[in-house]
Amino acid sequence: MRTEHAPTIQRADYRLLSYTVDTVDLHFRLDAEATEVRSRMLCLRNPEAAAGPLVLYGDALELVSLTIDGREPAPETIRRSSGVMAIEVSGDRIEVEVVTRINPTANTALSGLYRSRDGLFTQCEAEGFRRITWFPDRPDVMARFTVTLEGERAAYPVLLSNGNLIEAGSLPDGRHFARWEDPFPKPSYLFALVAAPLVALERRERTSSGREVLLQVWVEEGNLDRAGHAMDSLVHSMRWDEETFGLELDLDRYMIVVASDFNMGAMENKGLNIFNAKYVLAKPETATDFDYEGVESVVAHEYFHNWTGNRVTCRDWFQLTLKEGLTVFRDQQFSADMLAAAAGEAGAESARAVQRISNVRGLRAAQFPEDAGPMAHPIRPDSYQEINNFYTATVYEKGAEVIRMLHTLLGREGFRNGMDLYFSYHDGQAVTCDDFVECMAEANGVDLDLFMRWYGQAGTPRLRAEGRFDAADGSYTLTLSQHTPGTPGQADKQPLHIPVAVGLIGPDGKDLPLQIEGEHHAQLGTRVLELKTAEASFRFVGLPAEPVPSLLRGFSAPVILELEEDEARLAFRMAHDSDPFNRWDAAQRYMERVILAQAGEHAAGRKMVTPQAFGHAFRALLVDERLDPAYLAEVLALPSEAYLLDRMKPADPAALRAALIHLMRDLGHAMQGDFLSRYADLEVPGPYRYHPADAGRRALRNLCLRYMTAAEVGIAFELAQRQFEHAENMTERHGALQALTQSVAPGRETALAAFRTEFAGDALVLDKWLALQATAWRWSETQPSGLELVRALMQDEAFSLSNPNKVYALLGGFFRGNPGEFHRDDGAGYAFWADQVIALDARNPQVASRMARALENWQRYTPALQALIKAEMQRVAACEALSSDVREIVEKALGD
Ligand code: TRP
Ligand code: ZN
């Protein structure tokens with residue numbers, strides 16, 4: 001059927017390079033169509049490496065000239081194969097000069113140097129630098145960079161690169177230049193330049209040691225009023241890293257630059273972070289509370305990379321979780337601390353739980369399915385065909401869970417000591433995940449060899465728990481066992497080191513003191529058991545009555561807990577579990593059970609009925625005014641469809657959608673009075689401020705509105721309409737529009753049209769408009785199908801196939817966020833998917849690959865859907881000119 005496989009890179013094949021780069025001096029003659037890049041490198045022979053040639057990587061480059069110590073190398077000394085140039089050289093120090101020409105405008109892949117609107121931007125992680133010049137483009141080559149940028153002053157008034165500005169000035173013919181020097185050696189993936197008409201919001205701050213630093217947020221003219229929150233977030237991040245880890249900003253200047261076309265969230269280039277506009281720009285009229293949170297956490301994430309990623313970097317790309325897992329963990333802790341600080345002491349625990357819940361929701365919706373499908377890989381993969389495909393939920397989110405487990409096992413102080421040791425040993429180095437875990441072990445005098453299995457084993461472990469109460473002696477024996485299902489290429493699994501946080505709840509709903517057999521005292525509250533074998537039992541003694549176990553509190557390990565609980569127990573924990581995370585989780589489990597049962601009824605052609613007991617448990621929470629609204633909004637929100645599909649065997653998206661619609665309508669209808677009164681009481685008075693307390697009220701209020709419009713109760717449409725028309729901030733605006741869109745409200749179309757007109761010039765708001773429609777459920781036969789709607793929206797000026805945010809909003813929203821409409825039984829959604837993946841792949845393989853992944857778990861669907869998906873997947877795979885990105889996905893999915 002088709003051509004060759006992309007070559008597979010193996011982790012075990014890592015070798016040091018014979019030559020590395022000490023200093024590099026780059027000179028860019030910037031031009032939107034033809035930029036000339038001159039690179040002068042001082043290359044040093046690495047005495048620790050085997051003798052060999054100078055190895056350079058290049059991709060999509062026009063080579064103008066290449067000299068070694070001033071001379072053109074003889075042709076017989078050069079070996080070239082796709083993307084690699086190996087040159088026989090001699091000597092310990094050699095000077096290499098390479099001149100290349102590149103076309104930023106033609107670079108639609110947005111990797112390397114590319115044009116976005118009126119500016120030029122770079123994205124070099126992971127292997128974009130080789131699209132700028134021939135270079136030993138690997139993270140273990142750390143060089144000192146000097147960069148001169150030269151271009152037309154009118155077109156590119158601002159010229160930025162990493163480090164410090166050391167010189168700038170005018171040149172003849174309306175041109176100008178700027179020269180930047182980065183004092184820190186860095187791998188090429190952290191190089192960046194920006195040349196664009198931009199303006200900066202500036203702030204001067206002092207670091208903890210008293211150094212003054214200049215902070216800048218660079219945006220397009222007219223957007224300065226949206227840069228403040230990013231700046232505040234940056235200052236909060238600086239303070240947090242100083243206080244929590246003793247880590248200070250090491251540069252005199254720290255810049256954040258906004259790009260409108262960007263494949264990912266943001267990039268941590270040394271001293272010059274480049275951000276997707278979505279994660280910088282925020283003002284009350286255009287950004288929701290959710291957007292504000294996103295800005296805060298992404299700004300923090302990139303800032304934290306300065307130590308975990310940049311000062312200490314990865315030896316090779318297999319170690320990606322070394323920087324990403326750790327940095328995600330750090331940004332999650334930062335966000336939790338910010339929420340806790342805003343909530344004050346009394347509300348801190350619940351505020352932290354809100355953060356934890358949103359992280360776990362993300363993990364279950366994205367990482368669990370990944371771990372159960374053809375792309376399953378350990379947080380440190382053993383092989384890849386295309387590294388861009390491994391910026392995954394596993395490497396990031398599960399990687400963060402692995403770091404969190406270390407934090408749980410070692411305690412806050414022990415973890416900090418390990419971090420201190422890590423920086424004292426490895427600052428300025430490119431290292432491995434083993435190096436990190438060894439520091440944690442050494443600093444704490446513990447053995448983490450068994451723990452290392454988390455780095456090598458793919459798949460979500462199942463944790464089985466069984467409790468047995470012996471009324472005669474008041475003991476409770478908890479037996480824990482673990483089992484990880486096989487994953488592609490890894491059939492056999494070893495037991496892992498799993499921290500299991502446990503509480504036992506008494507009949508009065510209060511936690512019982514815990515005393516394990518052999519211990520002298522009982523301890524109150526949660527305690528962490530360590531499971532290190534396939535099975536182990538823990539015997540708790542001195543219990544007055546049979547307890548209800550609350551296991552895996554705070555989600556202490558990234559596993560699926562298999563514990564048989566009847567509905568009465570779930571309702572009991574939903575009402576009483578003292579661990580707010582587990583209380584939420586009890587509600588989720590109960591909902592999951594109800595929804596999947598109803599979907600089964602629907603698929604079997606029977607009538608769906610919401611169990612009364614569930615309704616009671618739900619209502620008890622809805623009216624509980626002691627609960628923090630932000631927390632309650634999480635408790636009352638249904639589990640994500642992505643997660644439910646992963647739990648449904650076989651996955652039947654249409655039946656699931658029917659069950660969800662039915663449940664929302666039922667609950668909304670049965671509790672209309674309660675929803676209404678909570679809606680009225682939760683109104684936030686006064687002008688908008690981004691504050692977690694206000695945001696929580698708005699979130700719960702919008703959720704109440706959604707239940708009401710879904711159920712078409714009394715004045716719900718009027719309320720939504722009124723909120724839509726009178727809201728002065730985007731959170732309320734958007735919430736109302738969503739409630740109208742997710743219903744049969746007569747005002748739905750008019751509201752969408754009004755929103756479209758009002759925000760015609762605002763790309764980020766139009767993305768919300770696209771996403772709302774792409775993810776809309778079909779609440780009545782008279783509404784257009786999702787596919788019809790998405791096809792029509794592709795013709796709207798608000799959409800463009802070349803802008804990743806728009807693709808993610810509309811196509812991503814449909815493929816991933818709207819399974820009920822996408823997985824039609826006539827397969828038309830899949831044919832559309834294949835067309836779009838193929839079209840996107842020709843422009844931007846990274847974006848195409850993300851869309852392709854929407855169907856990788858095709859084998860979990862009903863047989864009829866599977867056959868339809870497979871045919872379209874094969875059609876994609878049969879394309880001759882597929883990128884390595886998409887090829888790897890479809891081949892792995894098809895099992896070739
Ligand atoms: N290192 C970036 C981050 O996590 C991720 C990233 C940004 C990226 N742009 C990319 C990864 C392009 C691959 C390709 O913060
Ligand atoms: Zn990152």
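This one's a predicted model, so the numbers in the text were calculated from it and none came from an experiment.

## Describing the overall build of the protein
Move 1: Across its full length, the protein holds 25 helices and 30 strands.
Move 2: Here the protein has a C-alpha radius of gyration of 28 Å; the compact-globule value for 896 residues is 29 Å, and the two agree.
Move 3: In terms of overall dimensions, the protein has C-alpha extents of about 85 × 70 × 65 Å along its principal axes.
Move 4: Burial statistics for the protein: of 896 residues in total, 61% are counted as buried.
Move 5: Sequence-distant contacts in the protein: of pairs separated by 6 or more residues, those separated by 24 or more amount to 71%.
Move 6: Carbon and sulfur atoms make up 49% of the accessible area of the protein, which amounts to about 33900 Å² in all.
Move 7: Taken together, the 92 basic and 128 acidic charged side chains of the protein have centroids lying 1 Å from each other.

## Topic: the site of ligand 1
Move 1: Looking at ligand 1, there are 15 residues lining it, with Glu-125, Ala-266, Glu-268, Glu-302 and Tyr-396 nearest.
Move 2: In this structure, an oxygen atom belonging to ligand 1 sits 3.4 Å away from a main-chain N or O atom of Ala-266.
Move 3: In the environment of ligand 1, a nitrogen atom lies 3.5 Å from a nitrogen or oxygen atom belonging to the side chain of Lys-323.
Move 4: Computed on the free molecule, ligand 1 has an accessible area of 370 Å², of which 97% lies beneath the protein chains in the complex.
Move 5: For the shell around ligand 1, the secondary structure elements donating two or more residues are β19 (266-267), α2 (289-305) and α3 (320-371).
Move 6: Classifying every residue of the shell around ligand 1 gives 5 nonpolar, 5 polar and 5 charged.

## Let's talk about the coordination of the zinc ion (ligand 2)
Move 1: Looking at the zinc ion (ligand 2), one finds its protein donor set to be His-301 (NE2), His-305 (NE2), Glu-324 (OE) and Glu-324 (OE), positioned 1.9 to 2.7 Å from the metal centre.
Move 2: Classification of the site at the zinc ion (ligand 2) as irregular follows from its 6 donor atoms and the range of 46 to 161° in their angles at the metal.
Move 3: For the zinc ion (ligand 2), the single-chain donor residues occur in sequence as H-x3-H-x18-E. Residue His-305 is found in helix α2, and its partner Glu-324 is found in helix α3; the two are separated by 19 residues along the sequence.
Move 4: Note on His-305: relative accessible area 0%, which makes it buried.
Move 5: Look at Glu-324 and you get buried, because its relative accessible area is 1%.

## Observations concerning the side chain of Gln-123
Move 1: In this structure, Gln-123 sits in strand β10 (residues 119-123).
Move 2: Reaching out from Gln-123, the side chain makes a polar contact with the backbone oxygen of Glu-125 at a distance of 2.9 Å.

## Some remarks on the layout of surface pockets
Move 1: If you add up the space inside the second largest pocket, you get close to 1400 Å³.
Move 2: Looking at the second largest pocket, it is lined by 49 residues, and the ones nearest its centre are Ile-9, Glu-127, Arg-130, Gln-385 and Glu-386.
Move 3: Of all the elements in the fold, those that place two or more residues in the lining of the second largest pocket are β1 (9-10), α23 (845-852) and α25 (884-894).
Move 4: Among the elements that make up the lining of the second largest pocket, the one with the highest residue count is α25 (3 residues).
Move 5: Residues of the lining of the second largest pocket, tallied by class, amount to 18 nonpolar, 13 polar and 18 charged.

## Overview of α2
Move 1: Over its 17 residues, α2 extends 25 Å from the first C-alpha to the last, a length consistent with the 24 Å expected when each residue adds 1.5 Å.
Move 2: Of all 17 residues in α2, 15 are buried, a share of seventy percent or more.

## Section: the environment of Met-419
Move 1: Residue position: Met-419 is located in helix α4 (residues 393-426).
Move 2: Relative accessible area serves as the criterion here: at 1%, Met-419 is assigned to the buried category.
Move 3: Distance from Met-419 to Asn-803, taken between C-alpha atoms, is 39 Å for residues 384 residues apart in sequence.
Move 4: Discounting residues that sit within four places of it in the chain, Met-419 has contacts with Phe-245, Thr-308, Leu-326, Arg-330, Phe-436 and Met-440.

## Regarding the sheet that holds β19
Move 1: Pairing is mixed in the open sheet, where 5 strands are placed in the order β16-β17-β18-β20-β19. Looking at which strands have only one partner, the edges of the open sheet turn out to be β16 (199-206) and β19.
Move 2: The sheet contact formed by β19 and strand β20 (residues 272-276) spans 2 bridges and is antiparallel. Looking at the pairing, Met-267 lines up with Ile-274 of β20.
Move 3: Each of β16, β17 (212-219) and β18 (253-259) is contacted by helix α1 (residues 228-245), which is oriented at about 25° to β16, the strand it contacts most.
Move 4: With respect to the sheet, α2 is in contact with β18, β19 and β20, its orientation differing from that of β20 by roughly 150°.

## Considerations on the packing of helix α20 (residues 804-817) against α23
Move 1: Across the interface, α20 lies against α23 with an axial gap of 10 Å and an inter-helix angle of 15°. Overall, the two elements α20 and α23 adopt an arrangement that is roughly parallel. Crossing hand, α20 versus α23: right-handed. Residue-level contacts link Pro-804, Val-807, Tyr-808, Leu-811, Gly-812, Phe-815 and Arg-816 of α20 to Val-847, Arg-850 and Met-851 of α23.
Move 2: By residue class, the composition of the contact of α20 with α23 is 7 nonpolar, 1 polar and 2 charged.

## Structural notes on the nonpolar core
Move 1: Counting 289 residues, the largest nonpolar core has Phe-436, Phe-540, Leu-811 and Trp-833 as its most contacted members.
Move 2: With near-sequence residues (within four places) excluded, Trp-833 lies in contact with Phe-815, Phe-822, Met-851, Ala-852, Ala-854, Leu-855, Glu-872, Met-873 and Val-876.

## Let's talk about the sheet that holds strand β4 (residues 54-57)
Move 1: With antiparallel pairing, 3 strands are arranged side by side in an open sheet as β4-β7-β6. Among the strands making up the open sheet, the edge pair consists of β4 and β6 (78-81). Going across the sheet, the axis of each strand differs from the next one's by a mean of 15°, ignoring polarity.
Move 2: Summarising the sheet, β6 and strand β7 (residues 84-87) pair through 4 bridges and their orientation is antiparallel. Counted as the bridge partner of Arg-79 is Ala-86 from β7.

## Topic: helix α8 (residues 580-603)
Move 1: Between its first and last C-alpha, α8 extends 34 Å over 24 residues, near the 34 Å set by a 1.5 Å rise per residue.
Move 2: When you tally the buried positions in α8, you get 17 out of 24 residues, the bulk of the element.
Move 3: Of the residues flanking the end of α8, it is Gly-605, one or two places downstream, whose phi is positive at about 80°.

## Looking at the environment of Arg-875
Move 1: Tracing the sequence through the fold places Arg-875 in helix α24 (residues 863-877).
Move 2: Note on Arg-875: relative accessible area 34%, which makes it partly exposed.
Move 3: Linking Arg-875 and Ala-834, residues 41 residues apart in sequence, is a C-alpha distance of 7.4 Å.

## Details of the packing of aromatic side chains
Move 1: Under the counting rule described, the total for this entry stands at 40 aromatic pairs.
Move 2: Considering the side-chain rings of Trp-240 and Phe-304, the 5.0 Å spacing of their centres and the 40° angle between planes classify their relative orientation as tilted. With Trp-240 in helix α1 and Phe-304 in helix α2, the pair connects residues that are 64 residues apart, well separated along the chain. Of the two residues, Trp-240 and Phe-304, neither departs from the other in class, the shared state being buried.
Move 3: Linked through ring pairs, Trp-240, Phe-245, Tyr-254, Tyr-303, Phe-304, Phe-329, Phe-334 and Phe-415 together constitute an aromatic cluster.
Move 4: Over the ring of Phe-184 we find Lys-270; its NZ or CZ atom is 4.3 Å from the centre of that ring.

## Focus: the pattern of salt bridges
A side chain with one charge can pair with a side chain of the opposite charge if their charged atoms come near.
Move 1: The final tally for this structure, using the stated rule, is 72 salt bridges.
Move 2: Measuring nitrogen to oxygen at the nearest pair gives 2.8 Å for the salt bridge that ties Asp-289 to Arg-698. Taken together, the residues span a long stretch of sequence, with Asp-289 in helix α2 and Arg-698 in helix α14 (residues 692-710) at a distance of 409 residues.
Move 3: Owing to a relative accessible area of 3%, Arg-698 belongs among the buried residues under this scheme.
Move 4: Here the residues in one salt-bridge network are Arg-203, Glu-205, Asp-232, Arg-239 and Glu-242, joined through shared partners.

Cut-offs applied
- Residues numbered from 1 in each chain as written.
- Chains lettered and ligands numbered in written order.
- Predicted model: local features only at pLDDT ≥ 70, side-chain atom pairs only at ≥ 80, totals over all residues.
- Heavy atoms only, no water.
- Helix = DSSP H or I, 4+ residues; strand = E, 2+ residues; numbered from the N terminus.
- Rg over C-alpha atoms; globule rule 2.2 N^0.38 Å.
- Buried < 20%, exposed > 50% of the residue type's maximum accessible area, 1.4 Å probe, protein only.
- Contact = heavy atoms within 4.5 Å.
- Areas by Shrake-Rupley, 256 points an atom, 1.4 Å probe, with all protein chains shown as cover.
- Lys, Arg positive; Asp, Glu negative; His and termini not counted.
- Charge placed at Lys NZ, Arg CZ, Asp CG, Glu CD.
- Near = heavy atom within 4 Å.
- Polar contact = N/O pair within 3.5 Å; in protein donor to acceptor, adjacent residues only side chain to side chain.
- Nonpolar A, V, L, I, M, F, W, Y, C, P; charged D, E, K, R; others polar.
- Donors = N, O, S within 2.8 Å, 3.2 Å for Na, K, Ca; no water.
- Tetrahedral: all angles 85-135°; square planar, octahedral: opposite > 155°, others 65-115°.
- 1 Å grid on protein atoms, 1.4 Å probe; cavity = no way out; pocket = protein on both sides within 12 Å on 5 of 7 lines; lining within 4 Å.
- Points joined across faces, edges and corners; volume = space filled by probe spheres on them.
- Expected span 1.5 Å × (residues − 1).
- Pairing = 2+ DSSP bridges.
- Axes fitted to C-alpha atoms, helices over the stretch in contact; angles between N-to-C directions.
- Parallel < 35°, antiparallel > 145°, perpendicular 65-115°, else oblique.
- Left-handed = near helix turned anticlockwise from the far one by under 90°.
- Core = buried A, V, L, I, M, F, W, Y, C linked by side-chain atoms within 4.5 Å.
- Phe/Tyr/Trp six-rings, centres within 6.5 Å; stacked < 30°, edge-to-face > 60°.
- Lys NZ or Arg CZ within 6 Å of the ring centre and 35° of its normal.
- Salt bridge = Lys/Arg side-chain N within 4 Å of Asp/Glu carboxyl O.

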